[in-house]
Amino acid sequence: PVNQLQELKGILDNRNAELSNNLDRLYADILRWACSKDPVRMEQMLRVVGFIACMRGEWPTTNGLSEFLAMTESDIRHILQPLSCVVNIGTDGQHRIEFYHASFRTFLLDIEHRTNREFVLEFGALESSMAARCLEIIRNASDFGIEMEVYALTKWTIHARSCGRLDEDLEGELLYFL
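In this report, the structure presented in the accompanying data block is examined. Along each chain, residues carry numbers from 1 onward, in the same order as the chain's sequence is written. pLDDT decides what is reported in this predicted model: residues at 70 or higher carry local features, side-chain atom pairs at 80 or more are listed and counted, and totals for whole chains, interfaces and linings draw on all residues regardless. Hydrogens and water are ignored here; the side-chain numbers use all heavy atoms of the structure.

V48, F68, L80, L83, V87, F104 and L108 are the most contacted members of the largest nonpolar core, which has 51 residues in total. Labels follow the DSSP assignment, with helices taken as runs of H or I lasting at least four residues and strands as runs of E lasting at least two, numbered in each case from the N terminus. Looking at this core, the elements that each hand over two or more residues are α1 (2-35), α2 (39-54), α3 (62-69), α4 (73-80), α5 (102-109), α6 (123-139), α7 (146-162) and α8 (168-177). The criterion used for residue contact is that any of the two residues' heavy atoms lie within 4.5 Å. If we skip the residues at most four places from it in the chain, V48 touches L65, L69, M71, I76, I79 and L80. Nonpolar cores were defined as sets of buried Ala, Val, Leu, Ile, Met, Phe, Trp, Tyr and Cys residues, with membership established by side-chain atoms within 4.5 Å. Per-residue accessibility, obtained with a 1.4 Å probe over protein chains only, is compared with the maximum for each type, and a residue is labelled buried under 20%, exposed over 50%, and partly exposed between these values.

Here it is as structure tokens:
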């Protein structure tokens, strides 16, 4: 039985690796199509989905995400609409944005296990940007809605700890905050 279990485990490991490679190819094709091979559009799209992937707690609404990223809701929808097969953006600004499947978040953030390096998100840089933005929101709380204020107050430390290093923006916001 031990030999059979080891053989079965080997078969399952190969199938899991093949499935992961197929998902990587599928997600890369979706992102490639969604940005129409336009580098500016790709950068915007990766920034938006990267922030969604790094959000802690409840998923943001399109209104909340537009406020967090200092973009219009229309811009957020325009960027995410071509990704509607992997990202649920709903029909109004109050609907929570969410990935249809956790494997898409894994594809975006787990670059160590990816075969395709075309759409790489720098997790530490994203976390640092999010921590800096949270501190900026706290500093200017009267300019933001309650959803962003609560998120910033409760999550900035998580993002700061997760970034791995301080960049200039985060260091400046921290110095101002303290």
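Two aromatic rings, drawn from Phe, Tyr or Trp (for Trp, its six-membered ring), form a pair once their centres lie within 6.5 Å of each other, and the interplanar angle then sorts them: stacked below 30 degrees, edge-to-face above 60, tilted otherwise. Here the structure, examined in full by the defined rule, presents 6 aromatic pairs. Here the aromatic rings of Y27 and F104 are separated by 5.1 Å at their centres, their planes lie at 70 degrees, and the arrangement is edge-to-face. With Y27 in helix α1 and F104 in helix α5, this pair connects stretches of sequence that are 77 residues apart. Here Y27 matches F104 in class, with each residue buried. Both rings, one in F104 and one in F107, keep their centres 6.4 Å apart while their planes meet at 15 degrees; by these two values the pair is stacked. In this pair, F104 and F107 both sit in helix α5, 3 residues apart, roughly one turn of the helix. Since its relative accessible area comes to 0%, F104 is described here as buried. Exposure remark for F107: the relative accessible area of 2% places this residue in the buried category. What links up through ring pairs into an aromatic cluster is the set Y27, F99, F104 and F107. Think of it as a cone above the ring: NZ of Lys or CZ of Arg counts as a charge over the ring if it is within 6 Å of the ring centre and within 35 degrees of the ring normal. One Lys or Arg, R47, reaches over the ring of F51 and ends 5.4 Å from the middle of that ring.

Bringing the pattern of salt bridges into the picture now. For side chains bearing opposite charge, pairing can occur when the charged atoms are close. Take a side-chain nitrogen of Lys or Arg and a carboxyl oxygen of Asp or Glu: if they are within 4 Å of each other, that pair is a salt bridge. Using the criterion set out here, one finds 5 salt bridges in the structure. When the shortest N-O distance is used, the salt bridge between R133 and E136 registers 3.1 Å. Of the two residues, R133 and E136 both sit in helix α6, 3 residues apart, roughly one turn of that helix. We classify R133 as buried; its relative accessible area is 12%.

Turning to α7, a few remarks are in order. Compared with the 24 Å implied by 1.5 Å per residue over 17 residues, the 24 Å span of α7 between its first and last C-alpha is a close match. The complete set of buried residues in α7 reads M148, Y151, A152, K155, W156, H159 and A160. On its buried face, α7 is in contact with α2, α3, α6 and α8. Positive phi shows up at G164, right after α7, with a value of about 85 degrees. By this rule, a helix spans an expected 1.5 Å times one less than how many residues it contains.

Bringing the environment of G124 into the picture now. The residue G124 is located in helix α6 in this model. Taking the relative accessible area as the measure of exposure, G124 reaches 9% and is therefore buried. Through-space distance from the C-alpha of G124 to that of D167 is 9.7 Å; in sequence the pair is 43 residues apart.

On to the packing of α2 against α3. Where α2 meets α3, the closest approach of the two axes is 11 Å, and the angle between their N-to-C directions is 110 degrees. With respect to each other, α2 and α3 are oriented roughly perpendicular. For the pair α2 and α3, the sense of crossing is right-handed. Where α2 abuts α3, its residues R47, V48, F51 and I52 lie against L65, F68 and L69. Across the contact of α2 with α3, the residue classes break down as 6 nonpolar, no polar and 1 charged. The convention used is that axes are lines fitted to C-alpha atoms, helices contributing only their stretch in contact, and that angles between N-to-C directions extend from 0 to 180 degrees. What sets the label is the angle itself: under 35 degrees gives roughly parallel, over 145 gives roughly antiparallel, 65 to 115 gives roughly perpendicular, and the rest give oblique. Here a crossing is called left-handed whenever its near helix is offset anticlockwise from the far helix by less than a right angle, and right-handed whenever the offset is clockwise. Gly counts as polar in this scheme, as do all residues outside two lists: the nonpolar Ala, Val, Leu, Ile, Met, Phe, Trp, Tyr, Cys and Pro, and the charged Asp, Glu, Lys and Arg.

It is worth stressing that arrangement in space is one thing and function is another; only the former is reported here.
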